[in-house]
Amino acid sequence: MTVLVMQADATFWDSLVFDGIDDVDVEAITAAFGTVDVTARGRAAGVARPDCGCSSNRVHDSYQRRLKDLPLAEQSVVIHLTVRRFICSTDNCPRRTFAEPFAQLAAPYARFTTRLGHVLERVGLALAGRAGARLTAQLGFQVGRMTLLRRVMALPDPQCGTPRVLGVDDFATRRGQTYSTVLTCGETHRVVDVLPTRDSGPLAAWLATHPGVEIICRDRAGAYAEGARLGAPTAIQVADRFHLWQGIGRAVETCVAAHRKCLNGPTPPTRADVGASTNDPVRGGPDLDGRRAQRKKAAHALVHELLAQGYSRRAIARHLGWGLNTVLRYARAATWQDTLRENRPRPSRLDPYKPYLERRFAAGCTNVTRLHRELINENAPVTYQMVRAYIAALRAVPPQAPPPPPTVRRVTGWLTRHPATLSEDERAALKAVLARCPELDTAAEHVRGFGEILTHRLGFTLPAWIDAVDASQLPGLTNFALHLLRDRDAVTAGLTLHWSPGGTEGAVNRNQEDQETALRPCRIRATPQDDPAPVESRSSSAAIPGHASDCGGLRRSPRDRIPARPRRTGMSRRLPIGQAQERLRHELSPGQQPLAELDVDEVWLRFVRFGSQRFDTAGTPDADGLLFQYGTHSFEGPRVFTLDFARQFEVNDASGEHDHYIQLHCELRYEPVLQLRALGHFESWFFHDTDDELDHWTDGLGLHDFWATLRNFRPTEIRVYQEQV
C-alpha cells in the first residue's frame with residue numbers, strides 16, 4: 001500500500017479547504033484509496049466557556065472527531081479534528097469541563113461539516129430518499145437515504161407571510177370521506193396553510209387572524225363564500241372560471257337531453273359513420289338459418305321456459321351446467337335473435353387508407369387497378385387483393401343506409417367546444433341539428449356568448465346575458481343563469497379579473513400525485529453501472545404541510561419502507577361500496593344549488609354520471625346494476641307517483657358466495673294526478689361488466705314518450721336513501 005503524505009502548508013490549506021474558518025490549524029494531509037485525510041486541531045490557546053463567558057486555558061483532556069467534508073478533485077475528504085476539553089476556572093460553576101467549540105466548521109455532535117450539511121439538505125429537498133442517495137454516491141460523498149430524510153425533516157417550516165391574493169380549494173386526505181382546505185398564494189402558487197375541514201368556520205377564523213388579504217380566489221362552494229365574507233368582508237371574491245365553464249357544460253347537456261328527439265333526423269354522415277357503415281358488409285350479419293342459430297333459438301326457449309316455471313337464474317345455471325353469464329344473456333334477450341352477435345373485423349393494413357378509398361369511390365372512381373396504383377404511389381403497404389375486396393364491399397353497400405343519430409354527449413361536445421376545433425363533418429352535423437331545433441340553435445348562441453365573456457373577460461356584460469337566457473326559458477341553461485345571481489359579484493370578478501384558483505388546483509394535484517407515488521413508488525430500470533436499487537419519482541413542487549411522502553421534492557416523512565400496493569391491470573382504480581351514497585349525494589348537490597330545485601332532467605343526468613363511476617364489486621355480471629322505474633304506489637300512507645333511479649351492488653360473504661344486495665335510491669315523488677297515473681308502471685335494468693353500454697341504455701330510455709309528461713310536473717319531494725335487500 002502506498003500512502004502519500006502531503007506538505008501541510010497552512011496558507012495553502014486555509015485558502016483551499018478552511019477558507020473563512022479561522023480557528024483551525026492543519027497538522028498533516030494524507031491521501032490513499034481515493035480519500036484525503038486532513039488532521040487538524042484548534043488554533044486558540046484558550047477559549048471562552050459558552051455558558052458564563054469565562055475564558056480558560058487549562059486543558060483537561062482531548063478527543064478526536066471525524067468529520068466528512070465536500071470532495072476534493074473527485075476524492076472524499078475526511079477531517080480528523082482534535083478537540084480539547086478545558087477546565088472552567090470559576091469556582092461556583094456547575095459545569096467543570098467544556099469542549100472547545102468549532103461553530104464555523106461543524107455543529108456539536110455532527111459527523112458532517114456545516115457546508116456538507118447544507119449540500120445534503122439541498123439534495124434532500126430536490127430528490128428525497130433513494131434518488132438523493134444515488135446522486136450523492138456519484139458526487140463522491142455517499143450517504144444513506146434516511147440521512148437525507150432526517151436532515152430534511154430537521155429543517156424549520158418556512159414562514160410565509162399573509163398573501164395579498166389567496167387561493168382556496170378543498171382536497172381529500174381520505175378520498176370520499178375526509179376533506180381539508182388548502183390555502184395558497186395566488187402570486188407565487190405556494191402553499192400557505194392547510195385547514196382541517198372544508199367548512200366556513202376555519203376559513204373565517206384564519207382570515208380574521210391574517211389581515212391583509214385583498215383577493216380571494218375560490219370555487220363556488222357556499223361554505224367558502226360564507227367563510228370569506230365573514231373573515232375578510234372587504235376582500236374581492238373571484239369565482240373559478242373552469243367550474244363556470246364546467247357548469248354551463250352540464251346545463252347544455254340537460255338542454256340537449258330535453259330536445260333529444262331533434263337529434264333523430266337525417267344528418268350528414270361523418271367519416272367515422274361512413275367507415276362503420278362500409279365495414280358492415282365486410283364482416284357480414286349473423287346467419288339466421290344455420291345450425292348456430294338453431295342452437296341459440298332452442299337455448300333461448302329453454303331458459304325462458306324455466307324462468308316461467310319460477311326457477312331463478314342461478315338455479316337454471318346449476319341445472320343446465322351453464323355459466324351464469326350465458327343464462328343472464330338469454331334471460332335478458334326478448335327474442336332469440338337478440339343473442340346473436342356480429343363478428344368484429346380484424347385490423348388490416350388497409351384501415352388507415354379506407355377513408356381515402358371511400359372518398360374516391362363516392363367521387364366516381366371505381367377502378368381497382370387505378371386506386372391500387374394511387375396507394376402504391378403514396379408508399380402504402382397494401383396489396384391489390386386488399387383494395388379489390390374493399391371496393392367490392394363498397395359496391396354492396398346500400399347507398400341509402402342512414403347513419404345513426406348523434407348522441408346527447410356528442411352534441412353537447414360540439415356546442416361547448418371552440419368552433420375552430422371542430423372538423424368539417426362535425427360542423428356539418430351540428431349545423432343540421434341546429435337547423436331542425438330552434439331551441440338548440442338559441443342555446444348555441446347563448447353558449448357562444450358566454451364563451452366570449454369568459455375568454456375576453458367581459459364580466460360587465462354578464463347581467464345582459466343572464467336576462468337573455470332567462471327570457472329563452474331553456475331547460476338547464478335558465479337554471480344555470482339564475483343560479484349565477486346568487487354569487488353574482490364573485491362570478492363577475494372571475495369573468496373580469498385575471499386571477500384564478502388554478503394555482504391552488506395545481507397544488508392539490510401535485511399533492512395527490514405525491515401521495516400516489518408514495519404508496520406506489522415509480523420503479524426505473526437500472527443500468528449495469530448503476531446501483532439496482534429502486535428510485536422514486538421526483539417532484540420540484542411544494543408539498544402540502546402535513547401530507548409528506550418520500551417521492552417528491554419537499555419535506556417528506558420516511559416512507560421508503562412502505563411497499564407498493566398491487567395495481568389492477570387493465571382497469572382504473574375502483575372505489576369502495578361504502579363511499580357510494582356520499583358520491584351520489586355529492587353528484588346530486590354540487591355547489592350551492594339545493595336538491596329540491598333540480599328538475600327531472602338534471603336529476604337523471606347527474607344520476608347517470610354517478611352510474612358511470614365504478615365501484616369495487618364482485619366479478620359477476622349482476623354485481624353492479626342501474627334501475628330506472630316509475631309507477632303509482634302507497635308507502636304506508638296516501639298513494640303517490642314515484643320515479644325511482646336506483647343502483648344495486650351485490651355483496652358477497654368471506655367465501656365469495658352471495659350474501660345480500662345494497663340498493664341506493666334517488667326517488668322523485670309526485671302528486672298522483674291523472675296524467676301521471678296514466679303512464680302505468682315501467683322498469684328497465686342495466687348491468688356493468690356485460691356486453692351492454694351505458695350510453696346505449698340511456699339513449700334508449702331518452703326516446704320514450706313519458707319524458708314529455710314528467711317535465712310538466714315538479715316533484716313534491718326528492719329522497720336519497722340506502723337499503724339492504
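Calculation criteria
Residues numbered from 1 in each chain as written. Predicted model: local features only at pLDDT ≥ 70, side-chain atom pairs only at ≥ 80, totals over all residues. Heavy atoms only, no water. Helix = DSSP H or I, 4+ residues; strand = E, 2+ residues; numbered from the N terminus. Contact = heavy atoms within 4.5 Å. Areas by Shrake-Rupley, 256 points an atom, 1.4 Å probe, with all protein chains shown as cover. Phe/Tyr/Trp six-rings, centres within 6.5 Å; stacked < 30°, edge-to-face > 60°. Buried < 20%, exposed > 50% of the residue type's maximum accessible area, 1.4 Å probe, protein only. Salt bridge = Lys/Arg side-chain N within 4 Å of Asp/Glu carboxyl O. Core = buried A, V, L, I, M, F, W, Y, C linked by side-chain atoms within 4.5 Å. Axes fitted to C-alpha atoms, helices over the stretch in contact; angles between N-to-C directions. Parallel < 35°, antiparallel > 145°, perpendicular 65-115°, else oblique. Left-handed = near helix turned anticlockwise from the far one by under 90°. Nonpolar A, V, L, I, M, F, W, Y, C, P; charged D, E, K, R; others polar. Arc of directions from axis to C-beta. Pairing = 2+ DSSP bridges. Polar contact = N/O pair within 3.5 Å; in protein donor to acceptor, adjacent residues only side chain to side chain. Disulfide = S-S within 2.5 Å.

### With respect to the overall build of the protein
(1) Moving on: Within the protein, the regular secondary structure consists of 26 helices and 18 strands.
(2) Moving on: Put simply, of all contacts in the protein between residues at least 6 apart along the chain, 63% involve residues at least 24 apart.
(3) Moving on: Working note: accessible area of the protein is about 38,300 Å², and carbon and sulfur atoms make up 51% of it.

### What to know about the packing of aromatic side chains
(1) Moving on: For the coordinates displayed, the defined rule picks out 27 aromatic pairs.
(2) Moving on: Taking the centre distance of 5.3 Å and the plane angle of 75 degrees together, the rings of Trp604 and Phe628 count as edge-to-face. One end of the pair, Trp604, is in helix 23 (residues 600-612); the other, Phe628, is in strand 14 (residues 624-634), and 24 residues separate them in sequence.
(3) Moving on: The exposure class assigned to Trp604 is buried, which follows from its relative accessible area of 4%.

### With respect to unusual backbone geometry
(1) Moving on: Non-glycine residue Ala128 carries a positive phi angle of around 65 degrees.
(2) Moving on: Mapping Ala128 onto the fold places it in the loop between helix 2 (114-127) and helix 3 (129-139).
(3) Moving on: According to the relative accessible area criterion, Ala128 is buried, its value standing at 1%.
(4) Moving on: Look at Arg457: it is not a glycine, yet its phi comes out positive at around 55 degrees.
(5) Moving on: By the element assignment, Arg457 lies in the loop between helix 17 (438-456) and helix 18 (462-472).

### Some details on the pattern of salt bridges
(1) Moving on: Using the criterion set out here, one finds 24 salt bridges in the structure.
(2) Moving on: A salt bridge links Glu253 to Arg409; the nearest nitrogen and oxygen atoms lie 4.0 Å apart. One end of the pair, Glu253, is in helix 7 (residues 241-258); the other, Arg409, is in helix 15 (residues 408-416), and 156 residues separate them in sequence.
(3) Moving on: With relative accessibility at 42%, the residue Arg409 sits in the partly exposed group.
(4) Moving on: The closest approach of N and O atoms between Asp624 and Arg647, which form a salt bridge, is 2.8 Å. Placement of the pair is Asp624 in strand 14 and Arg647 in strand 15 (residues 639-652), with a sequence separation of 23 residues. As far as burial versus exposure is concerned, Asp624 and Arg647 are alike and both buried.
(5) Moving on: Among the ionic contacts, a cluster of salt bridges with common partners joins Glu253, Arg409, Glu587, Arg609 and Asp695.

### Structural notes on the side chain of Thr82
(1) Moving on: Tracing the chain through its elements places Thr82 in strand 7 (residues 75-87).
(2) Moving on: With relative accessibility at 14%, the residue Thr82 sits in the buried group.
(3) Moving on: Leave out the neighbours within four places in its chain, and Thr82 touches Ala40, Arg41, Gly42, Ser62, Tyr63, Gln64, Glu100 and Phe102.

### Regarding the nonpolar core
(1) Moving on: Membership of the largest hydrophobic core comes to 40 residues, with the highest contact counts inside it found for Phe450, Trp465 and Leu484.
(2) Moving on: When residues no more than four places from it in sequence are discounted, the contact partners of Trp465 are Ile248, His446, Gly449, Phe450, Ile453, Phe480, Ala481 and Leu484.
(3) Moving on: In this structure, Phe607, Phe706, Ile718 and Val720 belong to the second largest nonpolar core, which totals 35 residues.

### Here's the deal with the packing of helix 13 (residues 368-377) against helix 14 (residues 384-395)
(1) Moving on: Between helix 13 and helix 14, the least distance of the axes is 9 Å, while the angle of their chain directions is 125 degrees. Taken together, the axis directions place helix 13 and helix 14 in an arrangement best described as oblique. In the crossing of helix 13 with helix 14, the sense of the turn from one axis to the other is right-handed. Along the contact surface, helix 13 presents Val368, Thr369, Leu371, His372 and Leu375, while helix 14 presents Tyr384, Val387, Arg388, Ile391 and Arg395.
(2) Moving on: When grouped by side-chain class, the residues that make up the contact of helix 13 with helix 14 number 6 nonpolar, 2 polar and 2 charged.

### Brief notes about helix 22 (residues 580-588)
(1) Moving on: Along helix 22, the positions that sit buried rather than exposed are Ala580, Leu584, Glu587 and Leu588. Each buried residue of helix 22 lies within a common arc of 95 degrees when the element is viewed along its axis, so the set occupies one face.
(2) Moving on: Where helix 22 is buried, its residues meet helix 7, helix 23, strand 15, strand 16 (658-670) and strand 18 (717-724).

### Remarks on the sheet that holds strand 11 (residues 191-195)
(1) Moving on: Strand order in the open sheet formed by 5 strands is 11-10-9-12-13, and the pairing between neighbours is mixed. Because the sheet does not close on itself, it has two edges, and the strands there are strand 11 and strand 13 (236-239). Each strand axis lies, on average, 25 degrees off the axis of its neighbour in the sheet, ignoring direction.
(2) Moving on: Pairing between strand 10 (residues 178-185) and strand 11: 4 bridges, direction antiparallel. Among the inter-strand pairings, Thr184 is bridged to a residue of strand 11, identified as Val191.

### Some points on the pairing of strand 11
(1) Moving on: Burial within strand 11 is extensive, with 4 of its 5 residues counted as buried.
(2) Moving on: The antiparallel hairpin formed by strand 10 and strand 11 contains 5 residues in its connecting segment, where His189 sits at a positive phi of about 60 degrees.

### Focus: the sheet that holds strand 16
(1) Moving on: Ordered in space as 17-14-15-16-18, the 5 strands form an open sheet in which the pairing is antiparallel. The open sheet terminates on both sides in strands that have one partner only, identified here as strand 17 (682-687) and strand 18. The average undirected angle you get between the axes of adjacent strands in this sheet is 20 degrees.
(2) Moving on: Bridging between strand 14 and strand 17 involves 6 bridges; their strand directions are antiparallel. By the bridge assignment for strand 17, Leu627 is matched with Trp685.

### What about the side chain of Arg647?
(1) Moving on: The class of Arg647 is buried, set by a relative accessible area of 0%.
(2) Moving on: At a separation of 2.8 Å, a polar atom in the side chain of Arg647 contacts the main-chain carbonyl oxygen of Phe610.
(3) Moving on: At 2.8 Å, the side chain of Arg647 forms a polar contact with the side chain of Asp624.

### Digging into helix 19 (residues 477-484)
(1) Moving on: Most of helix 19 is tucked away, with 6 of its 8 residues classed as buried.
(2) Moving on: Of the residues making up helix 19, those classed as buried are Leu477, Thr478, Phe480, Ala481, His483 and Leu484.
(3) Moving on: Those residues of helix 19 that are buried are in contact with helix 7, helix 17, helix 18 and helix 20 (488-494).

### Topic: the packing of helix 7 against helix 19
(1) Moving on: As a packed pair, helix 7 and helix 19 sit with axes 8 Å apart at the nearest point and diverge in direction by 150 degrees. If you check the angle between helix 7 and helix 19, you find them roughly antiparallel. Contact residues: helix 7 offers Leu244, Gly247, Ile248, Ala251 and Val252, while helix 19 offers Leu477, Phe480 and Leu484.
(2) Moving on: When the residues that make up the contact of helix 7 with helix 19 are grouped by side-chain class, the tally is 7 nonpolar, 1 polar and no charged.

### Overview of the pairing of strand 10
(1) Moving on: The buried fraction of strand 10 is high, at 6 of 8 residues.
(2) Moving on: For strand 9 (residues 165-174) and strand 10, the ladder comprises 8 bridges, and the chain directions are antiparallel. Counted as the bridge partner of Phe171 is Ser180 from strand 10.

### Some details on the state of the cysteines
(1) Moving on: With the rule as written, the count across this model stands at 0 disulfides.
(2) Moving on: Free of any disulfide, Cys437 has its nearest neighbouring cysteine sulfur in Cys262, separated by 3.2 Å.
(3) Moving on: For Cys437, a relative accessible area of 0% translates into the label buried.

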